[in-house]
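Listed below are the residues making up each chain.
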2 protein chains.
Amino acid sequence: MEGTSAAEGGRLGDDLSFLIARANALSISAANAVLKPLDLNVRSYALLALVAGEDPAPTQREIAAFLRLDPSQVVGLVDALEGRGLIERLPDPRDRRARTVTATAAGRTLAGEARAAALEAERTLHPTLTPSERETLIALLRRVAFAD
Amino acid sequence: MEGTSAAEGGRLGDDLSFLIARANALSISAANAVLKPLDLNVRSYALLALVAGEDPAPTQREIAAFLRLDPSQVVGLVDALEGRGLIERLPDPRDRRARTVTATAAGRTLAGEARAAALEAERTLHPTLTPSERETLIALLRRVAFAD
DNA sequence: TATTGTTATACTCTATAACTATA
DNA sequence: TATAGTTATAGAGTATAACAATA
């Protein structure tokens, strides 16, 4: 566990799944740290940012699919953010079973601050990546994250 | 939540942290599915693959740092794999507090099978990535995963 | 005094099944 | 018969603090 091997973990360092997992662990730590002052974490931030950026407003089912959460998990996240007046549930005019989720003005404001904080945390995560390298990474990663 | 927006989730689709998180969720699902027949999951596989590929054998503390786990979590993982005869704890000749972890012959065999299964699962994760794109992604992601 | 492995505990996250109201 | 949101529950993963042996 020293020299080149230490930095890459033998064969494991060539394993895309492992690299994604390790990058994610670092990313969650960094993001949660900067989001904490805003009373958000990576999950509530993702939901808030999603509904703040979507038009038309997504249903809870669509939110669950996009964030890779079970619909039952979305309930609690929406409850918490709605209780803080950041988002609200509205009836879906096209399906009385469904509820769409929209950001309030306060929610959109906080989403903006949170996004800035998250981007700042992201930068500390890869201090040596050039803007062009970052764009390449995002483009490739998007094809993995949205392969289905 | 339709058209281009549906595929990228508005601004969230440009968020590297979010893309990493979503790719990781997909990756864990795919990997756990193929590892299940081998009685492994992503965490036990990562530990087994790490100790099978490392020489000299890492201590539990080094394993924890590399896999981004708390040292107390490593205890249970090592217990389980050691109970199956796949790895073993050996006293560290240089520090009587520490224990190094080594793969047994059976462990190295299983690590090889698991690695093949994990790579196969990885391919289903990004069916359209060319080998060269995959290499680029791995190289960039490694700089994020090992920035510290 | 500090560190390694360990145990214990609590908290978050995830997975599953069932219920209700609608479709 | 199937789907959206909800509730409940159990399991997996994570974080923290404390302890004995050793440095």
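Check the entry above for the structure.
Definitions and limits used
- Residues numbered from 1 in each chain as written.
- Chains lettered and ligands numbered in written order.
- Predicted model: local features only at pLDDT ≥ 70, side-chain atom pairs only at ≥ 80, totals over all residues.
- Heavy atoms only, no water.
- Axes fitted to C-alpha atoms, helices over the stretch in contact; angles between N-to-C directions.
- Helix = DSSP H or I, 4+ residues; strand = E, 2+ residues; numbered from the N terminus.
- Parallel < 35°, antiparallel > 145°, perpendicular 65-115°, else oblique.
- Contact = heavy atoms within 4.5 Å.
- Nonpolar A, V, L, I, M, F, W, Y, C, P; charged D, E, K, R; others polar.
- Least-squares fit on C-alpha atoms with pLDDT ≥ 70 in both.
- Near = heavy atom within 4 Å.
- Polar contact = N/O pair within 3.5 Å; in protein donor to acceptor, adjacent residues only side chain to side chain.
- Expected span 1.5 Å × (residues − 1).
- Buried < 20%, exposed > 50% of the residue type's maximum accessible area, 1.4 Å probe, protein only.
- Arc of directions from axis to C-beta.
- Salt bridge = Lys/Arg side-chain N within 4 Å of Asp/Glu carboxyl O.
- Phe/Tyr/Trp six-rings, centres within 6.5 Å; stacked < 30°, edge-to-face > 60°.
- Lys NZ or Arg CZ within 6 Å of the ring centre and 35° of its normal.
- Left-handed = near helix turned anticlockwise from the far one by under 90°.

1. So, the packing of helix α4 (residues 60-67) of chain A against helix α5 (residues 71-83) of chain A
Residue and element names in this part refer to chain A. Two elements in contact, α4 and α5, have axes separated by 9 Å at closest approach and are oriented at 110°. The angle between α4 and α5 falls in the class roughly perpendicular. Along the contact surface, α4 presents Gln60, Arg61, Ile63 and Ala64, while α5 presents Pro71, Val74, Val75 and Val78. Partitioned by chemical class, the residues of the contact of α4 with α5 number six nonpolar, one polar and one charged.

2. A few points about the environment of B:Thr109
On the secondary structure map, B:Thr109 appears in helix α6 (residues 105-125). Sequence separation of B:Thr109 and B:Ala52 is 57 residues, and the distance between their C-alpha atoms is 9.2 Å.

3. With respect to the relation of the copies chain A and chain B
You can overlay chain A on chain B at an RMSD of 0.0 Å; the transform is a turn of 180° with a shift of 0.0 Å along its axis. What the superposition gives is, in effect, a two-fold axis relating one chain to the other. Both copies share a contact surface, since 100% of the interface residues of chain A are interface residues in chain B too.

4. Topic: the protein's contact with DNA strand D
For DNA strand D, the set of nearby residues contains 19 residues, the closest of which are A:Gln60, A:Arg61, A:Arg89, A:Arg97 and B:Asp70. Backbone sugar and phosphate groups make up 67% of those atoms of DNA strand D lying within 4 Å of the protein. A distance of 3.2 Å separates a phosphate oxygen of DNA strand D from a polar backbone atom of A:Arg99. In the environment of DNA strand D, a phosphate oxygen lies 3.0 Å from a nitrogen or oxygen atom belonging to the backbone of B:Arg96. Contributions of two or more residues to the surface near DNA strand D are made by α4, α5 and β2 (95-103) of chain A together with α5 (71-83) and β2 (95-103) of chain B. The class makeup of the residues in the surface near DNA strand D is four nonpolar, six polar and nine charged.

5. A few points about helix α6 (residues 105-125) of chain A
Residues and elements named next belong to chain A. Between its first and last C-alpha atoms α6 spans 30 Å; for 21 residues at 1.5 Å apiece the expected length is 30 Å, and the two agree. All of the buried residues along α6 are Gly107, Leu110, Ala111, Ala114, Ala117, Ala118, Ala121, Glu122 and Leu125. All buried residues of α6 fall inside an arc of 145° around its axis, so they share one side.

6. Remarks on the interface of chain A and chain B
Taken together, the contact pairs 60 residues of chain A with 61 residues of chain B. In this structure, A:Arg142 engages B:Asp14 in a salt bridge whose closest nitrogen and oxygen atoms are separated by 2.9 Å. The tally of links from chain A across to chain B stands at 20 residue pairs in polar contact (both at pLDDT 80 or more). Taken together, the elements giving at least two residues each to the side of chain A that touches chain B come down to α1 (4-8), α2 (16-35), α3 (42-53), α4, α6 and α7 (131-145) of chain A. The biggest single contributor to the side of chain A that touches chain B is α2(A), with 12 residues. Taken together, the residues that form the side of chain A that touches chain B break down as 32 nonpolar, 11 polar and 17 charged.

7. Considering the pattern of salt bridges
Inspection of the entire model under this criterion finds 18 salt bridges over all chains. We note a salt bridge from B:Glu133 to A:Arg143, for which the minimum N-O separation is 3.0 Å. Placement of the pair is B:Glu133 in helix α7 (residues 131-145) and A:Arg143 in helix α7, with the two residues belonging to separate chains. Look at B:Glu133 and you get partly exposed, because its relative accessible area is 22%. Of the residues examined, A:Arg143 reaches a relative accessible area of 30% and is grouped as partly exposed. Two residues, B:Glu120 and B:Arg123, come together in a salt bridge whose shortest N-O distance is 3.0 Å. Taken together, the residues span about one helical turn, with B:Glu120 and B:Arg123 both in helix α6 at a distance of three residues.

8. Thoughts on the packing of aromatic side chains
Tallied over the entire structure, the rule returns four aromatic pairs over all chains. Residue placement shows A:Arg22 over the ring face of B:Phe66; its charged tip is 5.6 Å from the ring centre.

9. Quick word on the packing of helix α3 (residues 42-53) of chain B against α6(B)
Residue and element names in this part refer to chain B. Their axes nearest at 9 Å, the elements α3 and α6 cross at an angle of 120°. As summarised for this structure, α3 and α6 are arranged oblique, according to the angle between their axes. Once α3 is placed against α6, the crossing between them reads as left-handed. Residues Tyr45, Leu48 and Ala52 of α3 form the contact with α6, whose own contacting residues are Gly107, Arg108, Leu110, Ala111, Ala114, Arg115 and Ala118. Looking at the contact of α3 with α6 residue by residue, the class counts come to seven nonpolar, one polar and two charged.

10. Overview of the protein's contact with DNA strand C
By nearness alone, 18 residues border DNA strand C, and A:Asp70, B:Gln60, B:Arg61, B:Arg89 and B:Arg97 come closest of all. Taking the atoms of DNA strand C that fall within 4 Å of the protein, sugar and phosphate contribute 67% of them. In the model, a phosphate oxygen of DNA strand C is placed 3.1 Å from a nitrogen or oxygen of the A:Arg43 side chain. Contacts to DNA strand C include B:Arg99, whose backbone N or O atom sits 3.1 Å from a phosphate oxygen. For the surface near DNA strand C, the elements supplying multiple residues, two or more each, are α5 and β2 of chain A together with α4 (60-67), α5 and β2 of chain B. In terms of residue class, the surface near DNA strand C is built from three nonpolar, six polar and nine charged.

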